[in-house]
Amino acid sequence: MTKKMIVLVLALSLLLGSVMMAQASAETMGLGAYTELAGAESAYEEDGDAYDGGYTVETTTCAVVIGDDNVIKSIRFDMTQSKLGFTAKGEVLNEANSVIASKVELKENYGMVAYAKAPAGEWYTQAAAFESFCVGKTVDEVLAFELSEDGKLVDADMKTSCSIIVSSFLQSLKLAAANAR
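Each chain has its residues counted from 1, following the order in which its sequence is written. Since the coordinates come from a predicted model, pLDDT governs what is reported: local features require at least 70, and pairs of side-chain atoms require 80 or more to be given and counted, while whole-chain, interface and lining totals use all residues. The basis for every side-chain value is the complete set of heavy atoms in the structure, and neither hydrogens nor water enter the calculation.

1. Some thoughts on the state of the cysteines
Selection criterion: Criterion for a disulfide: a pair of cysteine sulfur atoms at a distance within 2.5 Å. Each residue is placed in one exposure class: buried if its accessible area under a 1.4 Å probe, protein chains only, is under 20% of its type's maximum, exposed if it is over 50%, and partly exposed if it falls in between.
For the coordinates displayed, the defined rule picks out zero disulfides. Here Cys62 stays unpaired: no disulfide links it, and the sulfur of Cys134, its closest cysteine neighbor, is 7.8 Å away. Here Cys62 falls in the buried class, since its relative accessible area comes to 2%. Judged by its relative accessible area of 0%, Cys134 is buried.

2. Observations concerning the pairing of strand β4 (residues 53–66)
In plain terms, the rule: Strands qualify as paired when DSSP identifies two bridges or more between them. Only DSSP runs of H or I with at least four residues qualify as helices, and only runs of E with at least two residues qualify as strands; both kinds are numbered from the N terminus onward.
Summarising the sheet, strand β1 (residues 28–41) and β4 pair through 13 bridges and their orientation is antiparallel. Paired with Glu41 across the strands is Gly54, a residue of β4. The antiparallel hairpin formed by β4 and strand β5 (residues 72–86) contains five residues in its connecting segment, where Asn70 sits at a positive phi of about 65 degrees.

3. Concerning the environment of Tyr44
Position of Tyr44 among the secondary structure elements: in strand β2 (residues 44–46). The spatial distance from the C-alpha of Tyr44 to the C-alpha of Lys89 is 8.5 Å, given a sequence separation of 45 residues.

4. Here we look at unusual backbone geometry
With a phi angle near 65 degrees, Asn70 is a residue other than glycine that sits in the positive phi range. Relative to the assigned elements, Asn70 resides in the loop between β4 and β5. Although it is not a glycine, Lys107 sits at a positive phi angle of roughly 50 degrees. Topologically, Lys107 is positioned in the loop between α2 (103–106) and α3 (123–134). On the accessibility criterion, Lys107 (37% relative accessible area) is partly exposed.

5. Focus: the nonpolar core
The condition is simple: By nonpolar core we mean a set of buried residues, namely Ala, Val, Leu, Ile, Met, Phe, Trp, Tyr and Cys, connected to one another through side-chain atoms within 4.5 Å. Residues count as neighbours in contact if any of their non-hydrogen atoms are within 4.5 Å of one another.
Among the nonpolar cores identified, the biggest contains 27 residues, and Phe130 and Leu173 are the most heavily contacted of them. Contributions of two or more residues to this core are made by β4, β5, α3, α4 (139–143) and α6 (167–179). Beyond its immediate chain neighbours, meaning those up to four positions away, Phe130 contacts Phe77, Val142, Phe145, Leu153, Cys162, Val166, Phe169 and Leu170.

6. Quick look at α3
Selection rule: Every helix has an expected span of 1.5 Å times one less than the residues it contains.
Under the 1.5 Å per step criterion, the end-to-end length of α3 is 17 Å for 12 residues, consistent within 8% with the ideal 16 Å. Among the residues making up α3, those that are buried are Trp123, Gln126, Ala127, Ala129, Phe130, Glu131, Phe133 and Cys134. The elements touched by buried residues of α3 are β5, α2, α4, α5 (156–159) and α6. Positive backbone phi, at 95 degrees, marks Gly136, one or two positions downstream of α3.

7. What to know about the sheet that holds β5
The cut-off we apply is this: Convention adopted: a line fitted to C-alpha atoms gives each axis, helices being fitted over their contacting stretch, and angles between N-to-C directions are expressed from 0 to 180 degrees.
The antiparallel open sheet is built from three strands, whose spatial order is β1-β4-β5. The strands lining the two open edges of the sheet, one partner per strand, are β1 and β5. Taken pair by pair, the neighbouring strands of this sheet meet at an average axis angle of 15 degrees, ignoring direction. α6 rests against β1, β4 and β5 of the sheet, and its axis sits at about 145 degrees to β1.

8. Regarding the packing of aromatic side chains
For any pair of aromatic rings, the description consists of the separation of the ring centres together with the inter-plane angle of the planes. Going by this rule: Classification of ring pairs rests on two measures: the distance between centres of Phe, Tyr or Trp rings, Trp counted by its six-membered ring, which must be within 6.5 Å, and the angle between planes, read as stacked under 30 degrees, edge-to-face over 60 and tilted in between.
In total, this model carries seven aromatic pairs according to the counting rule given. With a centroid separation of 4.8 Å and an interplanar angle of 20 degrees, the aromatic rings of Tyr44 and Tyr51 are classed as stacked. Taking the relative accessible area as the measure of exposure, Tyr44 reaches 40% and is therefore partly exposed. The exposure class of Tyr51 is partly exposed, given its relative accessible area of 34%. With centroids separated by 5.6 Å and ring planes inclined at 55 degrees, the aromatic side chains of Phe77 and Phe130 adopt a geometry described as tilted.

Below you can see the structure in the form of structure tokens.
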């Protein structure tokens, strides 16, 4: 072999080795969506008055980036709360093709801050606090966070900045991690 050929083979070997090393240490990303029926009310008539009914469907989404060390590098949660109403006569109250904004998109317009335990704040700030708790931990460590019966964090330090229900967050994370590629 000539010197040029040896240099070329060595260069290609180094390049191939670095590409393989980059692939071996590549981060994976996963998306997950967990949907549940969060509430239902029957429509009815009583003493000549009609009362509307409806369903509330919540979809919690998770996007996660997991490093080659199985540690969460980045994570985002969001939720849409779809309220589907109907009258006692069975007429649908929602308009077809209406856009439903997520809680993160709504920000202060979601209106939770008046009901949130201080200093937790609006829904999107509490979700961001939960995301911060997750970064730097493995998926299994996050899924092992202790929750109360109503799906809220038990840890005293965590619940000062995140008092919302996070059980659906964990369900969507589980799906996102399973989809990670």
